[in-house]
Amino acid sequence: DWVCFSVAAIPESWSEAYGHSASELVDLFLFTNVLTCFLFTDIARKFGLRKCIVAAASLMTAGCFLRSGVPFVGGLPPYSQVMA
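Predicted model only: the values in this text are computed from it and were never measured. Here the residue numbering is sequential within each chain, running from 1 through the sequence in written order. It should be noted that, the model being predicted, local features are given only for residues of pLDDT at least 70 and side-chain atom pairs only at 80 or more, the latter also being counted only at that level, while totals for whole chains, interfaces and linings use all residues. Calculation of side-chain values draws on the structure's entire complement of heavy atoms; hydrogens and water are dropped beforehand.

## Brief notes about a nonpolar patch on the surface
Okay, step 1: Put simply, a patch holds well-exposed residues, over 30% relative accessible area, that have no salt bridge, with like charges counted together within 9 Å and Val, Leu, Ile, Met, Phe, Trp or Tyr side chains within 5 Å. Note on areas: these come from Shrake-Rupley sampling with a 1.4 Å probe, and a residue is covered only by the protein chains present in the view. Any Lys or Arg side-chain nitrogen found within 4 Å of a carboxyl oxygen on Asp or Glu counts as a salt bridge. Together, Phe-31, Val-34, Leu-35, Phe-38, Leu-39, Ile-43 and Phe-47 make up a nonpolar patch on the protein surface, roughly 740 Å² of accessible area in all.
Okay, step 2: Secondary structure counts use DSSP, requiring at least four H or I residues in a row for a helix and at least two E residues in a row for a strand, with both numbered from the N terminus. Locating Leu-35 in the fold gives a position in helix 3 (residues 22-47).

Below, the structure written as structure tokens:
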């Protein structure tokens, strides 16, 4: 949650960097958040809470790493990668 809202908190910088509205990022986040909330109880029942939390943390870490760009390569990742 904080990754999305920390980026969208300064819409001018987001718009300047990517040429798109920060509200698109927030809309995408809210849509996927609601969708996964409906699926979470079934997934947690099937795999167990611990595995779900570890998997979610791993995906979140990988997403943050990819969105920040590969270290020492420079430049911002493309807009399509940020929204993936």
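## Remarks on helix 3
Okay, step 1: Multiplying 1.5 Å by the helix residue count minus one yields the expected span of that helix. Between the first and last C-alpha of helix 3 there are 35 Å, a value that for 26 residues agrees with the 38 Å anticipated at 1.5 Å per step.
Okay, step 2: Burial classes: relative accessible area under 20% of the type maximum marks a residue as buried, over 50% as exposed, and values in between as partly exposed (1.4 Å probe, protein chains only). Here helix 3 has its buried residues at Ala-22, Leu-25, Val-26, Phe-29 and Ala-44.
Okay, step 3: Directly after helix 3, the chain includes Gly-48, whose backbone phi takes a positive value near 95 degrees.

Everything listed here is a matter of geometry and, on its own, says nothing about what the molecule does.
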